[in-house]
Structure formats: structure tokens, C-alpha cells
Amino acid sequence: MLPDPANMTAANEKLGPGHMVLVVGPSGAGKDTLLGALQERLASRQDIHFARRAITRSADVAAEDHDTLTLNDFRHLVETGNVALAWEAHGLGYIIPSRYDDAIRQGDTVIANGSRRALSEAIGKYQNVTVLLITAPIEILADRLAERGRESREDIKARLNRANLDVRETENVLRIENTGTVGEAVDRIIRELKI
């Protein structure tokens, strides 16, 4: 998807001067836990915005708190370019709303639960992009996913072994191996992002 020229000051100029931080990583890595703790720690910072996504699925108390939209609404927003970022994965549409581009224009930092599918779009659109890769060893990921009870441990390990769990082809990657405490991981994120 191409960036909307209306969201840019010149056709070939990337949006800035703010900073887009896209959080990615495999299921079971603890992205939601770390994002929640990071948001709590930085609650007093007016220059840091945690993006609330819109997703084409119904609200679920056991899942991420998000806005719900229909598939038709998703397609319309994408076609009109009225999004900061958008992608599809696992049969669902995901949107980072366009209001977060205003924060980027103001020089603020936006931290968004993203996807590897959105990386090339983000890199093409924003002046300053950091990919925050939250991960863990496959054994730990498999244990965490098995606790959810949706798949057998063997099926999970096979799926994780087939999956591409890295973003080596992307620049500006901050890799957090989430095997210690939440506090340690959040401290490192804040230190490495210099926020």
C-alpha cells in the first residue's frame, strides 16, 4: 500500500519528525504484557502515544483491547488512504488510525503493536522507524502457547520451527529477548529507545 500523499508535505518526503516504534514478534513472546507495562511506566509522558488498533474482529476480553470495524470499513479506509498503517494477517484486517500521523508530525513518538507485514510500508512512510522485536527461545514460546490450550505442544513447536521469527532484512531493529522479568525488559526498552 502506498502512503497517502495528503499525509506528506511533499510527494517524496517521509513523514516526520516524530518516531514510529512498531512492536512485532511471535505469539507467546509477551508483546502485550510488555506493551502494557511500558505504557503504565510512561503514562505521564505527553510526547509518547500508544496506538489503539482497529481490527476486523469482535471485542474479546481475553484478547487485546481494540476498536472493531467491519471488513467493508477496513477496505474503505485503506482505499482512501485514511490510515497511518494497515495490513492483513490471519484472515483479519488491522489498522493503526490516521490520527497517530498527527503525533508524528508534531515530533512525538508513537508505539504501535504492529506486524512484520507492515514494516516495508512504515519504512517507506516515516523518517524515523524502529522495529521493537519481542521474542524468546522456541522452547519458551511453545510452553507459553501450550498454556493457552488451543494447540498441542508438538503442533506448536512444529509451527514455530517453520515460522520466520526474525526481521534480519530490516534496519533499526531493537531485539528484546523476553526471558527475564517484565521490569528488566521495560527498563531495557526505555534505555535503548532513549525515551
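Since the model is a prediction, treat every value here as computed from it, not as a measurement.

Across its full length, the chain holds seven helices and nine strands. Put simply, the chain shows about 10,500 Å² of open surface, and 46% of that area lies on carbon and sulfur atoms.

Taken as a whole and judged by the stated rule, the model has one aromatic pair. Seen in terms of ring centroids, W87 and Y94 are 5.5 Å apart; in terms of plane orientation they differ by 5°. Their pairing is stacked. Given a relative accessible area of 5%, W87 falls into the buried group. The class of Y94 is buried, set by a relative accessible area of 8%.

So, on to the sheet that holds strand β7 (residues 109-113). Spatially, the five strands line up as an open sheet ordered β2-β7-β1-β8-β9, and their pairing is parallel. The two strands at the open ends of the sheet, each matched to only one other strand, are β2 (48-50) and β9 (173-177). The sheet shows a mean angle of 20° between the axes of neighbouring strands, direction not considered. Most of the contacts of helix α7 (residues 182-193) go to β9, to which it runs at about 165°, and overall it touches β1 (15-24), β8 (126-135) and β9.

Quick look at helix α1 (residues 31-41) now. Of all the residues in α1, the buried ones are K31, L34, L35 and L38. Projected onto a plane normal to the axis of α1, the buried residues spread over an arc of 100° and lie on a single side. At its buried positions, α1 is contacted by β1, β2, β7, β8, β9 and α7.

On to helix α5 (residues 138-148), then. Taken together, the buried positions of α5 are occupied by L141, A142 and L145. All buried residues of α5 lie within an arc of 100° about the axis, which places them on one face of the element.

Of all 10 residues in β8, eight are buried; the element is thus mostly enclosed. Bridging between β1 and β8 involves seven bridges; their strand directions are parallel. Bridge pairing in β8 links L22 to V131. The pairing of β8 with β9 spans five bridges and is parallel. What sits directly across from V131, in β9, is V173.

It is worth spelling out the packing of α1 against α7 at this point. Two elements in contact, α1 and α7, have axes separated by 10 Å at closest approach and are oriented at 65°. What the angle tells us is that α1 and α7 run roughly perpendicular. Considering the relative orientation of α1 and α7, their crossing is right-handed. Facing α1, whose interface residues are T33, L34, A37, L38 and R41, α7 presents V182, G183, A185, V186, D187, I189 and I190. Within the contact of α1 with α7, the residues separate by chemical class into eight nonpolar, two polar and two charged.

Conventions used here
Residues numbered from 1 in each chain as written. Predicted model: local features only at pLDDT ≥ 70, side-chain atom pairs only at ≥ 80, totals over all residues. Heavy atoms only, no water. Helix = DSSP H or I, 4+ residues; strand = E, 2+ residues; numbered from the N terminus. Areas by Shrake-Rupley, 256 points an atom, 1.4 Å probe, with all protein chains shown as cover. Phe/Tyr/Trp six-rings, centres within 6.5 Å; stacked < 30°, edge-to-face > 60°. Buried < 20%, exposed > 50% of the residue type's maximum accessible area, 1.4 Å probe, protein only. Pairing = 2+ DSSP bridges. Axes fitted to C-alpha atoms, helices over the stretch in contact; angles between N-to-C directions. Contact = heavy atoms within 4.5 Å. Arc of directions from axis to C-beta. Parallel < 35°, antiparallel > 145°, perpendicular 65-115°, else oblique. Left-handed = near helix turned anticlockwise from the far one by under 90°. Nonpolar A, V, L, I, M, F, W, Y, C, P; charged D, E, K, R; others polar.

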